[in-house]
Amino acid sequence: MKPWLFSLLLVCAAPLWAGEAAPNAEDPVIEQRMIKLAEDLRCLVCQNESLAGSHAELAEDLRREIRAQMKTGKNDQEVIAYLTERYGDFVLYRPPFKPVTYLLWLGPLLFLGLGSAIWYVTLKKRRGLKNEPVDEKNLAAAAQLLDENK
Amino acid sequence: MKRWIPLLVFLVLAGFLAKGLFLNPREVPSPFIGKPAPAFSLPLVGQPDKIFGPADMRGKVWLLNVWAPWCVSCRQEHPVLMALAQSQSAPIVGLNWKDKDREAEKLLAEHGSPYAAVPDDLSGKVGIDYGVTGTPETYVIDKDGIIRMKHIGPIDPDVWKNKIEPKLKELGA
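Residues numbered from 1 in each chain as written. Chains lettered and ligands numbered in written order. Predicted model: local features only at pLDDT ≥ 70, side-chain atom pairs only at ≥ 80, totals over all residues.

### Things to note about the overall build of chain B
Stage number 1. The secondary structure content of chain B amounts to five helices and seven strands.
Stage number 2. Sequence-ordered secondary structure for chain B, helices as α and strands as β, is α-β-β-β-α-β-α-β-α-β-β-α.
Stage number 3. Whereas a compact globule of 173 residues would reach a radius of gyration of roughly 16 Å, chain B reaches 19 Å, over 25% beyond that.
Stage number 4. The long-range fraction of contacts in chain B, counting pairs at least 24 apart against all pairs at least 6 apart in sequence, stands at 73%. (Helix = DSSP H or I, 4+ residues; strand = E, 2+ residues; numbered from the N terminus. Rg over C-alpha atoms; globule rule 2.2 N^0.38 Å. Contact = placed C-beta atoms within 7 Å.)

Rendered as structure tokens:
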């Protein structure tokens, strides 16, 4: 067989033994629930990573804890309560709507309102400007300047 | 008036950014301030048949210092803690967090121990119950077992003098 043909066949054959990765958790349902929940939680060590995606040791411990609690039948709300009791609202990527977070949640609306107000006032002002007739003298001066540059 | 607006906007923005620059993102507010220290019972390092719990410290103002032999900034903190232990301002309990290599006993024998007791939290679960995110972290706990303050990161002489010592005085240590 020609070498190039052999190589091509080898490449084509690769998908044959590419099976699906076996789920490494014993319970895929709980694993999925845990990951879905952990995606909305902050890793306390690498603060810009979610708890689901972080490789920090604490994140692993917390994922194990979430799994264990789900296995004992706790619902998502109870697991979140367990974490906020210990780490505060900081652990949540979606902070709850309460007095200290009013500005956080309503801030964008506030800025939208402010922007709209400025926009409205500007437009209103612009409408007030009239097309004033052009002064004949200025027009002649402009024509002369343009001619000079020719 | 109008030409000052960009400068004004710039100054406001610069103010916010400057503030942000000096905030410490590690300084996560602890939900435990003013709440009872979570109970636990753990064996002591070197004396596995003895069990320690926060209830043992009732009636004293004390420090719970979460540390680990593998933690580099804990070593930086160690001499400061040694000096504090000598000054006897408050007993320090050193929670040995996730010491998988079992090095705490040897390390403390070598370098000296500032701790009144060293409970052994091998699984790290007690640390999680206290909302520990990384060692070292130190809690100030009052006579009734209420957490009054949490300090994240190593204690240096400055932190001690300006933050922890005044709190201890206030609590009547």
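### Let's talk about the interface of chain A and chain B
By convention, interface size is frequently given as the accessible area that disappears when the constituent parts associate.
Stage number 1. Between chain A and chain B, the contact holds eleven residues from the first and eleven residues from the second.
Stage number 2. Looking at the side of chain A that touches chain B, the elements with two or more residues in it are α3 (57-71) and α4 (76-87) of chain A.
Stage number 3. The class makeup of the residues in the side of chain A that touches chain B is five nonpolar, two polar and four charged. (Nonpolar A, V, L, I, M, F, W, Y, C, P; charged D, E, K, R; others polar.)

### A short note on the nonpolar core
The nonpolar side chains of soluble globular proteins are, as a tendency, buried together.
Residue and element names in this part refer to chain B.
Stage number 1. Core analysis: the largest hydrophobic core is formed by 36 residues, its most contacted members being W62, L63, L64, V93, Y139 and I141.
Stage number 2. Taken together, the elements giving at least two residues each to this core come down to β3 (62-67), α2 (72-87), β4 (92-97), α3 (104-111), α4 (125-129), β6 (137-141) and β7 (147-152).
Stage number 3. Tallying contributions element by element places β3 first for this core, with five residues.
Stage number 4. For V93, the contacting residues outside a window of four places in its chain are M57, W62, L63, L64, N65, Y115, A116, A117 and P119. (Core = buried A, V, L, I, M, F, W, Y, C linked by C-beta atoms within 7 Å. Buried ≥ 20, exposed ≤ 12 C-beta atoms within 10 Å, placed from the backbone.)

### What to know about the domain arrangement of chain A
Stage number 1. Assigned domains within chain A: domain 1 (23-91) and domain 2 (97-128).
Stage number 2. The distance between the C-alpha centroids of domain 1 of chain A and domain 2 of chain A comes to 37 Å. (Domains from an automatic or database assignment.)

### Description of the sheet that holds β3(B)
Stage number 1. As summarised here, the arrangement of the five strands in space is β5-β4-β3-β6-β7 (chain B), forming an open sheet in which the pairing is mixed. Each of the sheet's edge strands pairs with one partner strand only, and the pair in question is β5 (120-121) and β7 of chain B. (Pairing = 2+ DSSP bridges.)

### Things to note about the pairing of β7(B)
Residues and elements named next belong to chain B.
Stage number 1. Taken together, the five bridges between β6 and β7 define a ladder with antiparallel strand orientation. Looking across to β7, one finds that T138 is bridged to H151.
Stage number 2. Counted between consecutive antiparallel strands, the loop separating β6 from β7 contains five residues, among which G145 sits at a positive phi close to 80°.

### Concerning the packing of helix α2 (residues 28-38) of chain A against α3(A)
Residues and elements named next belong to chain A.
Stage number 1. Across the interface, α2 lies against α3 with an axial gap of 10 Å and an inter-helix angle of 125°. It follows from the interaxial angle that α2 and α3 lie oblique. By crossing handedness, the relation of α2 to α3 is classed as right-handed. Along its contact with α2, which presents I30, R33, M34, L37 and A38, the element α3 presents R63, I66, R67, M70 and K71.
Stage number 2. Classifying every residue of the contact of α2 with α3 by side-chain character gives six nonpolar, no polar and four charged. (Axes fitted to C-alpha atoms, helices over the stretch in contact; angles between N-to-C directions. Parallel < 35°, antiparallel > 145°, perpendicular 65-115°, else oblique. Left-handed = near helix turned anticlockwise from the far one by under 90°.)

### Some remarks on the pairing of strand β2 (residues 47-52) of chain B
Residues and elements named next belong to chain B.
Stage number 1. Here strand β1 (residues 42-44) pairs with β2 via three bridges, running antiparallel. Its bridge partner lying in β2, L42 is registered against F52.
Stage number 2. Counting the residues that bridge the hairpin from β1 to β2 gives two residues, and of these G46 lies at a positive phi of roughly 85°.

### Looking at α3(A)
Residue and element names in this part refer to chain A.
Stage number 1. Between its terminal C-alpha atoms α3 stretches 21 Å, which fits the 21 Å expected from 15 residues at 1.5 Å a residue.
Stage number 2. All of the buried residues along α3 are L58, A59, L62, R63, I66 and M70. Seen from one end, α3 has its buried residues packed into an arc of 140°, which puts them on one side.
Stage number 3. Those residues of α3 hidden inside the fold are in contact with α2 and α4. (Expected span 1.5 Å × (residues − 1). Arc of directions from axis to C-beta.)

### Digging into helix α5 (residues 157-171) of chain B
All names here are of chain B.
Stage number 1. With 15 residues, α5 should cover 21 Å at 1.5 Å per step; its first-to-last C-alpha distance of 20 Å lies within 8% of that length.
Stage number 2. The largest bend in α5 comes to about 40°, at I164, with the proline P166 one to four residues further on.
Stage number 3. Phi for G172, located one or two positions after α5, is positive at around 80°. (Bend = angle between axes of the 7 residues up to and from the residue.)

### A short note on unusual backbone geometry
All names here are of chain B.
Stage number 1. Each neighbour pair has its own omega, and for T135 with P136 the value is -15°, a cis peptide bond.
Stage number 2. Along the chain, the position of P136 falls in the loop between α4 and β6.
Stage number 3. Here K98, not a glycine, exhibits a phi torsion of approximately 50°, which is positive.
Stage number 4. Residue placement: K98 occurs in the loop between β4 and α3.
Stage number 5. Unlike most non-glycine residues, R102 shows phi in positive territory, near 50°.
Stage number 6. Mapping R102 onto the fold places it in the loop between β4 and α3.

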